[in-house]
Amino acid sequence: MLPLDDRLTAGTAVLLVCGLFAVLLVFCWEVRTIMQSLHPRLKAVEGLAATLVLFLVLFARSCYLLDRSAPGSFSEPLNTTDALYFTLTTFTTVGFGDTTALSQTARALTMAQMTGGLLLVGVAARALAGAVQAGLNRPRQESTVSQHFGAGTTEEPEAGP
């Protein structure tokens, strides 16, 4: 849906950098919501999934645009599926065999993705775990029953005359 379907230009490069910034903003927002959530573990899974998908799609689109702008950057021409395949192969550290980065620009992009992937897995996992712990340690709002009958007691008030 992004206007990134032509060639890698200065404008699309700026959009891609903005996309990386957006991934960072989404991640920070997710950490904040995890800490405030009633179900921080579930919210952490949701946050990691959202951040991961954004990250992978951003790099897949970058590889696709680079291949369209500079044919021969990869060992074979990339369509959108091939670009996503290459991105997932890089992210999961499975390794290459069929599609590889050949040009210096493609290798730099791939190294940026590898570094980002390591940060996403390492730093993000630690941050999400900390947010879950903070969410679990957050004082819970008292239930309406205990607010009605008095904090700290589970007994019903005595009936009046």
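A short tour of the structure in this document, coming up. (Residues numbered from 1 in each chain as written. Predicted model: local features only at pLDDT ≥ 70, side-chain atom pairs only at ≥ 80, totals over all residues. Heavy atoms only, no water.)

### Looking at a nonpolar patch on the surface
Where nonpolar side chains cluster on the molecular surface, the patch consists of Phe21, Leu24 and Leu25 and spans about 310 Å² of accessible area. Here Leu24 shows up in helix α1 (residues 10-36). (Patch = residues over 30% accessible without salt bridge, like charges linked within 9 Å, V, L, I, M, F, W, Y side chains within 5 Å. Areas by Shrake-Rupley, 256 points an atom, 1.4 Å probe, with all protein chains shown as cover. Salt bridge = Lys/Arg side-chain N within 4 Å of Asp/Glu carboxyl O. Helix = DSSP H or I, 4+ residues; strand = E, 2+ residues; numbered from the N terminus.)

### So, the pattern of salt bridges
All chains considered together, the criterion is met by 1 salt bridge. The closest approach of N and O atoms between Glu46 and Lys43, which form a salt bridge, is 2.6 Å. Of this pair, Glu46 and Lys43 both sit in helix α2 (residues 40-69), 3 residues apart, roughly one helical turn.

### A short note on the side chain of Lys43
Taking the relative accessible area as the measure of exposure, Lys43 reaches 16% and is therefore buried. Only 2.6 Å separates the side chain of Lys43 from the side chain of Glu46, close enough to count as a polar contact. Once residues lying within four places of it in the same chain are set aside, the contact partners of Lys43 are Glu30, Thr33, Ile34 and Ser37. (Buried < 20%, exposed > 50% of the residue type's maximum accessible area, 1.4 Å probe, protein only. Polar contact = N/O pair within 3.5 Å; in protein donor to acceptor, adjacent residues only side chain to side chain. Contact = heavy atoms within 4.5 Å.)

### Some words on helix α4 (residues 104-137)
Compared with the 50 Å implied by 1.5 Å per residue over 34 residues, the 48 Å span of α4 between its first and last C-alpha is a close match. A maximum bend of about 30° is found in α4 at Ala124. All of the buried residues in α4 are Ala106, Leu109, Thr110, Gln113, Gly116, Gly117, Leu120, Ala124, Leu128, Ala131, Val132 and Gly135. Where α4 is buried, its residues meet α1, α2 and α3 (80-91). (Expected span 1.5 Å × (residues − 1). Bend = angle between axes of the 7 residues up to and from the residue.)

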